[in-house]
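Analysis of the macromolecular model
This is what each chain is made of:
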Amino acid sequence: MRNTRQRRQQILQLLVDHGNVQVSELVDRFGVSAVTIRADLTHIESQGLATRTHGGATLVRKPPLEQDIHQKDALNLPLKDSIGAHAARLVRAGDNIIIDSGSTTMTLARHLREHQDVTVMTNGLNIAWELANAPGVELLLTGGLLRKQSLSLQGSQAEASLNTYSFDTLFLGVDGLDLQFGLTTHHEAEARLNHRMVERARRVVVLTDASKFGHVSLHRIARLDQVHTIITDASIDPDYLDGLQKLGIEVIIAESPP
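- By the naming in an unreviewed UniProt entry, the chain goes by DeoR family transcriptional regulator and is assigned to Stenotrophomonas aracearum.

Below you can see the structure in the form of C-alpha cells.
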C-alpha cells in the first residue's frame, strides 16, 4: 500500500512538472505493469486532477502543496480561531465528538477547554495536548502510526479503534473542498481514516477557511452529500456559497470571534 501511495504521488508530481505522462514511460520508470500504471492514472483522474488520454494522461488542475502542521499553525491564526470558536458553540454538555487532526481543528480544541461533560476522541497529538488537562473533557486517542508532518495518528489500528464508537459530531479539517469532487486531503492513510470518521458520526462539520474551496488533493475523504455543516470565512466565493446551500449544507460564516 505504501509503494502504491508513493508511486501515485510521484506520478502526480510528474504530471505537475510536465503537464502529461505516458503509460510506457511510467512502466519503465517504476518497473510495474501497464495495468498497474493505468489503475494509478484512473485513480488520479477520479480525483479530478487529470484526464486519461490515449496512452497516458494530462494534468487538469494542480493539487495544492502540502504544508506541515507547524507551517499551517502560523497561517491565518485570527481567522482559524474564529472558525474554532464558532465550532465550539455547536458542542453541548453530554456530547460525544471526534476531532480530526489539523491546525484549524486545534483552535476548536482550545475553545473546548472550559466545556463540561464532553467526550472527545482525536487522532491529533496537537488536539490531545490542548485538551489533556481540561477538567470537563474526557479524552480518547485513536492510537496508530504517527505521521510527523501532521502530528496525526493513522493506519489500520487507528481505523479499527473507531469501530465500537458512535459519535454525535465529527469536526473535520480538509486540504481541499470542491463542489464536484467533495472533500480531499494529501495523504491516503489520512483520507481512509477521515472517511471512517465520517461513517461513525451522525453529523459532519467541516472546518476550513475559504482558501481551500476549489482545491482538489489526491485522495478523496467523502462526498459533499455526507456533510451537514461547513464553517468558513466571509471570503467564500458566492458561487460556492450558493452551490453548498443548494446541496442542503448549512454554511456558517465566521467573520469575527463570537
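The discussion continues.
Some thoughts on helix α3 (residues 34-46)
- The first and last C-alpha atoms of α3 sit 18 Å apart over 13 residues, in line with the 18 Å expected at 1.5 Å per residue.
- Among the residues making up α3, those that are buried are Ile37, Asp40, Leu41, His43 and Ile44. Along the axis of α3, the buried positions cluster into a sector of 155°, meaning they face one direction only.
- One or two residues past the end of α3 sits Gly48, with phi positive at roughly 80°.

Description of unusual backbone geometry
- Within the chain, Asp117 stands out as a residue other than glycine whose phi angle is a positive 55°.
- Mapped onto the elements of the fold, Asp117 is located in the loop between α6 (103-111) and β5 (118-122).

Observations regarding the sheet that holds strand β2 (residues 50-53)
- If you trace the 3 strands from one edge of the open sheet to the other, you get β1-β3-β2, paired in antiparallel fashion. The open sheet terminates on both sides in strands that have one partner only, identified here as β1 (20-22) and β2. Sheet twist, expressed as the average angle between the axes of neighbouring strands with direction ignored, equals 20°.
- Two elements, β1 and strand β3 (residues 56-59), share 3 bridges in a ladder whose sense is antiparallel. Residue Gln22 lies in a different strand from β3, and its bridge partner there is Gly56.
- Relative to β1, helix α2 (residues 23-30) is tilted by about 70°, and along the sheet it contacts β1 and β3.
- Across the face of the sheet, α3 comes into contact with β1, β2 and β3 while running at roughly 140° to β2.

What to know about the UniProt feature "domain: HTH deoR-type" (unreviewed entry) in the chain
- The UniProt feature table records "domain: HTH deoR-type" (unreviewed entry) at residues 4-59.
- What you have in residues 4-59 is 64% helix and 20% strand, and the ends, taken at the C-alpha atoms, are 19 Å apart.

Structural notes on the side chain of Glu130
- Looking at the element boundaries, Glu130 is found in helix α7 (residues 125-131).
- Here Glu130 falls in the buried class, since its relative accessible area comes to 15%.
- Here Glu130 is in contact with Met106, Ala109, Arg110 and Arg113, once residues within four sequence places are set aside.

Considering a nonpolar patch on the surface
- The grouping of Leu125, Leu141 and Leu146 at the surface amounts to a nonpolar patch, some 210 Å² of accessible area in total.
- Residue Leu125 is classed as partly exposed on the basis of its relative accessible area, which comes to 32%.

Re the pattern of salt bridges
- Per the stated rule, a full pass over the model turns up 10 salt bridges.
- The partner of Arg7 in a salt bridge is Asp40, with the nearest N and O atoms 2.5 Å apart. Here Arg7 is found in helix α1 (residues 2-18), whereas its partner Asp40 is found in helix α3, with 33 residues between them in sequence.
- Taking the relative accessible area as the measure of exposure, Arg7 reaches 11% and is therefore buried.
- Through salt bridges with shared partners, a single ionic network connects Arg7, Arg8 and Asp40.

A few points about the nonpolar core
- Ranked by size, the top nonpolar core spans 29 residues in total, and within it Leu177, Leu183 and Leu244 carry the most contacts.
- Mapped onto this core, the elements with two or more residues apiece are β9 (167-173), α9 (188-200), β12 (201-207), β13 (219-222) and α10 (238-246).
- Per-element tally for this core: the top contributor is α9, with 4 residues.
- In this view, Leu183 contacts Leu172, Val174, Gly176, Leu177, Val206, His219, Arg220, Ile221, Ala222, Leu224 and Val227; residues no more than four positions away in its chain are not counted.
- By size, the runner-up hydrophobic cluster in this structure holds 23 residues, among which are Ile97, Leu108, Val120 and Ala134.

So, how was this worked out
Residues numbered from 1 in each chain as written. Predicted model: local features only at pLDDT ≥ 70, side-chain atom pairs only at ≥ 80, totals over all residues. Heavy atoms only, no water. Helix = DSSP H or I, 4+ residues; strand = E, 2+ residues; numbered from the N terminus. Expected span 1.5 Å × (residues − 1). Buried < 20%, exposed > 50% of the residue type's maximum accessible area, 1.4 Å probe, protein only. Arc of directions from axis to C-beta. Pairing = 2+ DSSP bridges. Axes fitted to C-alpha atoms, helices over the stretch in contact; angles between N-to-C directions. Contact = heavy atoms within 4.5 Å. UniProt positions renumbered as here; feature names shortened; annotations may be inferred. Patch = residues over 30% accessible without salt bridge, like charges linked within 9 Å, V, L, I, M, F, W, Y side chains within 5 Å. Areas by Shrake-Rupley, 256 points an atom, 1.4 Å probe, with all protein chains shown as cover. Salt bridge = Lys/Arg side-chain N within 4 Å of Asp/Glu carboxyl O. Core = buried A, V, L, I, M, F, W, Y, C linked by side-chain atoms within 4.5 Å.

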